[in-house]
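# Working through the structure, step by step
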Amino acid sequence: MGRLFWLVALALAGALTGYLLTRFEGKPPHLEVLPGSPHVGDEETIEVRTFDEGTGIETLRVWIERAGQTIPLVEERYPGDLFRGADLDVERRIEITLRPEEYGLTDGAVVVRAEARDYSWRGNRTSAQATLWIDTVPPRVVVSTGLTYVRRGGAEIAVYALGEQSREHGVQIGDRFFPGYPHPTDPERFIALYAMEPNVRPDPRAEVVAVDRAGNRTAVPLAISLIERSFPKARVGLSQAFMERKVKELLPNYDGDLLEGYLQVNRNLRRKNAEQIVNLCAHSSGERLWAGPFLQLPNSQVNARFAERRTYVYQRKPVDEQTHLGFDLASTARAPVPAPNDGVVRFAGDLGIYGKTVIVDHGLGLFTLHGHLSEIAVEQGQAVVRADELGRTGETGLAGGDHLHFAVLVSGVFVDPLEWFDGRWIREHVEAKLGGAEPGPT
Ligand SMILES: [Zn+2]
């Protein structure tokens, strides 16, 4: 009897000890204060997460501290009791939308502090904090380029200074945004190359835009004057043999109507390739890699110019219209294609209507595209210098004969290559604004 009593007593004592140890657990809760961004403009979301491995979370408090002042944001008590702990053994997450104006918070640093306490009889606490910089003043933008004449289809450069570090800045022309980069020779300034698309409206809205780290946005007008010009028109006759050959090459699984197949290539594939090119040219080296005028395919004849409006004729009927956004340069068949300037190969491979294609990033948003190649001699990521061989001319993609399709792009927008071939234009429009660079060969 005595032995059984002691066994039961021992078991009860053990259970009680276990219970008390659980209730008295000494593990403090996990707690994190996670602002969406430490720079707060009109509003910012702050996430607070807490979890307790032992008895569970009892209370969570969040408040703002600034210069000895305390502003409560959240005070929560989660269900449970001291004998069983929290009802739910879960991570607690709260999202606070902080609008500085609501609390009369002016610009400057504030601390968001949180404290979580668990259901342990010891009342374990954890506190965490995040420092936020409240900034409700839009960035200051000072444009240093004066009135600038830009040709329709041409490119230009804006130079500007920013009053504070910005997460995004550049030139906005209509709905096109051209990102800016640090000025290559002036540490106080920034530059943005921008382009006037061939179909830009006659009085385009042009602005230098900056968004600071807290999301405040400034837009300052950019003084530009658009020089009008007309673009060439051409008729392109489509032969049955050409269409058969190209539909077979570019739509290998297609077996429907020939003209419909050709139009699919000329319209849908062309549009898809244009999107691919915009994506490929979305990110450029922040360094200016080129110098001087761009090299044209040696001994080449220009067969088609920039922004030529083409009417496609089949069996004496116009069947389609497209704009040709590059230069067609013809030399001898399989002529070596030189890198027109220094840069890094951004793309080397098949690109639909452009066939075998090389795209070179020259930095600061400037790219060149080399299409219809028969052979590619470079790889993506490879650095090239002016006159390095990129490949050989050919007639891959939508080309009727051996030639090079050469295009220049500014942040994904096609511009007239003629300006970039022209040493004088480069000096007056590029060097004059970027300064400091060695004059390149002419
Ligand atoms: Zn072409």
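None of the values given here were measured: they were computed from a predicted structure.

Here we take up unusual backbone geometry. Look at Ala67: it is not a glycine, yet its phi comes out positive at around 45°. Mapped onto the elements of the fold, Ala67 is located in the loop between strand E4 (57–66) and strand E5 (69–77). Ala67 gets classed as exposed once you look at its relative accessible area, which sits at 82%. Unusually for a residue other than glycine, Asn299 sits at a positive phi of about 50°. With respect to the helices and strands, Asn299 occurs in the loop between helix H3 (258–280) and strand E22 (301–304). We classify Asn299 as exposed; its relative accessible area is 77%.

Of the protein atoms, only His324 (NE2), Asp328 (OD) and His405 (ND1) coordinate the zinc ion, at distances of 1.9 to 2.2 Å. Sequence positions of the residues that donate to the zinc ion give the spacing H-x3-D-x76-H. Of the two residues, His324 and Asp328, neither departs from the other in class, the shared state being buried.

The next thing to look at is the side chain of Gln172. Structurally, the position occupied by Gln172 is in strand E14 (residues 166–173). Accessibility expressed as a relative area gives 16% for Gln172, which makes it buried. Within the local environment of Gln172, its side chain forms a polar contact with the backbone oxygen of Gly174, the two atoms lying 3.2 Å apart.

For the rest of this paragraph, the subject is the sheet that holds strand E18 (residues 206–212). Across the sheet, 4 strands lie side by side as E15-E14-E18-E19; this open sheet has antiparallel pairing. Looking along the sheet, the strands with just one partner apiece sit at the ends: strand E15 (176–179) and strand E19 (217–221). Going across the sheet, the axis of each strand differs from the next one's by a mean of 30°, ignoring polarity. Bridge analysis of E18 against E19 gives 5 bridges, and the strand direction is antiparallel. If you follow Glu207 over to E19, its bridge partner there is Pro221.

This part takes up the domain arrangement of the chain. Split by domain assignment, the chain resolves into domain 1 (28–134), domain 2 (141–227) and domain 3 (233–417). Computed from C-alpha coordinates alone, the two centres of domain 1 and domain 2 are separated by 42 Å.

Our next topic: the packing of aromatic side chains. Aromatic ring pairs: the centre-centre distance and the angle between the two ring planes describe each pair. What the rule picks out here adds up to 13 aromatic pairs. Both rings, one in Phe24 and one in Trp121, keep their centres 5.5 Å apart while their planes meet at 75°; by these two values the pair is edge-to-face. Residue Phe24 is located in the loop between helix H1 (2–23) and strand E1 (30–35), and its partner Trp121 is located in the loop between strand E9 (108–118) and strand E10 (125–134); the two are separated by 97 residues in the primary sequence. A relative accessible area of 39% places Phe24 in the partly exposed class. Under the relative-accessibility criterion, Trp121 is labelled partly exposed at 32%. Both rings, one in Phe327 and one in Phe421, keep their centres 5.9 Å apart while their planes meet at 65°; by these two values the pair is edge-to-face. Here Phe421 lies in helix H4 (residues 417–421) and Phe327 lies in strand E25 (residues 327–330), a separation of 94 residues in the sequence. In terms of burial, Phe327 and Phe421 fall into one category: buried. The rings of Tyr19, Phe24, Phe83 and Trp121 are connected pair by pair, giving a single aromatic cluster. Over the face of the ring belonging to Trp290 we find Arg288, whose NZ or CZ atom lies 4.7 Å from the ring centre.

Rules behind the numbers
Residues numbered from 1 in each chain as written. Predicted model: local features only at pLDDT ≥ 70, side-chain atom pairs only at ≥ 80, totals over all residues. Heavy atoms only, no water. Helix = DSSP H or I, 4+ residues; strand = E, 2+ residues; numbered from the N terminus. Buried < 20%, exposed > 50% of the residue type's maximum accessible area, 1.4 Å probe, protein only. Donors = N, O, S within 2.8 Å, 3.2 Å for Na, K, Ca; no water. Polar contact = N/O pair within 3.5 Å; in protein donor to acceptor, adjacent residues only side chain to side chain. Pairing = 2+ DSSP bridges. Axes fitted to C-alpha atoms, helices over the stretch in contact; angles between N-to-C directions. Domains from an automatic or database assignment. Phe/Tyr/Trp six-rings, centres within 6.5 Å; stacked < 30°, edge-to-face > 60°. Lys NZ or Arg CZ within 6 Å of the ring centre and 35° of its normal.

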